[in-house]
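This is what each chain is made of:
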Amino acid sequence: MTREEKFMQEAIALSRTGINNNDGGPFGCVIVKGDKIVGRGNNKVTSSNDPTAHAEVVAIRDACKNLGTFQLDGCEIYSSCEPCPMCLGAIYWARPEIIYFANNRIDAADAGFDDSMIYCEMAAGIEKRKIPIKMLGREDAIKVFNEWKAKTDKTSY
């Protein structure tokens, strides 16, 4: 078994542990730096009443806490399933080196986790989305962005 397969087996085991504990859906994730797991997560959506508590997000939060950083430079992500759009966005913000996944989005849809509506919504123009999206308060909000741009002691990310 390769090191990558070993870490994927850890992610898959977390997906099983999560459903056995009634934490949430059948998803697990580990984050690896070097040869060490630095973050673990399984889906906790229903047990935490948090729709963002997907395995990847839980693992990213755990890894960042353990590493004392807000980015996952030099890390690898092993997810038991292809990351959904939300998780993929979080992963890109965290900036790991590579993502490995086991089940794909078709497998997830077959198990009752169909993200196709979200992919379609992302491709649709704002005016055509199912949940109305309206701009409001830009005149005041842009001032804060301008303050950020002028801030000399900020931590960029």
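Parameters at a glance
- Residues numbered from 1 in each chain as written.
- Predicted model: local features only at pLDDT ≥ 70, side-chain atom pairs only at ≥ 80, totals over all residues.
- Heavy atoms only, no water.
- Helix = DSSP H or I, 4+ residues; strand = E, 2+ residues; numbered from the N terminus.
- Buried < 20%, exposed > 50% of the residue type's maximum accessible area, 1.4 Å probe, protein only.
- Contact = heavy atoms within 4.5 Å.
- Areas by Shrake-Rupley, 256 points an atom, 1.4 Å probe, with all protein chains shown as cover.
- Lys, Arg positive; Asp, Glu negative; His and termini not counted.
- Charge placed at Lys NZ, Arg CZ, Asp CG, Glu CD.
- Salt bridge = Lys/Arg side-chain N within 4 Å of Asp/Glu carboxyl O.
- Phe/Tyr/Trp six-rings, centres within 6.5 Å; stacked < 30°, edge-to-face > 60°.

Caption draft 1: Looking closely at the overall build of the protein chain. When you go through the protein chain residue by residue, the secondary structure sums to 7 helices and 4 strands. Starting at the N terminus, the α and β elements of the protein chain follow one another as α-β-β-α-α-β-α-β-α-α-α. Projected onto the principal axes, the alpha-carbon positions of the protein chain cover approximately 55 × 40 × 25 Å. A total of 157 residues make up the protein chain; the buried ones form 31% of that total. Within the protein chain, residue pairs in contact and separated by at least 24 positions form 49% of the contacts whose partners lie at least 6 positions apart. In the structure as shown, the protein chain presents an accessible area of about 10,300 Å², 55% of it carried by carbon and sulfur atoms. Here the protein chain contributes 20 positively and 22 negatively charged side chains, and the mean placements of these two sets differ by 6 Å.

Caption draft 2: Representation of the pattern of salt bridges. The tally for this structure, following the rule as stated, stands at 7 salt bridges. Residue Lys143 is joined to Asp140 by a salt bridge in which the shortest nitrogen-to-oxygen separation is 3.7 Å. Here Asp140 and Lys143 lie together in helix α7 (residues 138–150), a separation of 3 residues that amounts to about one turn. Salt bridges sharing common partners tie together Arg3, Glu4, Asp35 and Glu76.

Caption draft 3: Looking closely at the packing of aromatic side chains. Considering all chains together, one arrives at 5 aromatic pairs under this definition. For the pair Phe7 and Tyr78, a centre-to-centre distance of 5.5 Å together with 50° between the ring planes defines the contact as tilted. Taken together, the positions of Phe7 in helix α1 (residues 3–20) and Tyr78 in strand β3 (residues 75–81) put the pair 71 residues apart, joining distant regions of the chain. Assessed through its relative accessible area of 0%, Tyr78 is described here as buried.

On their own, these measurements won't tell you what the molecule is for.
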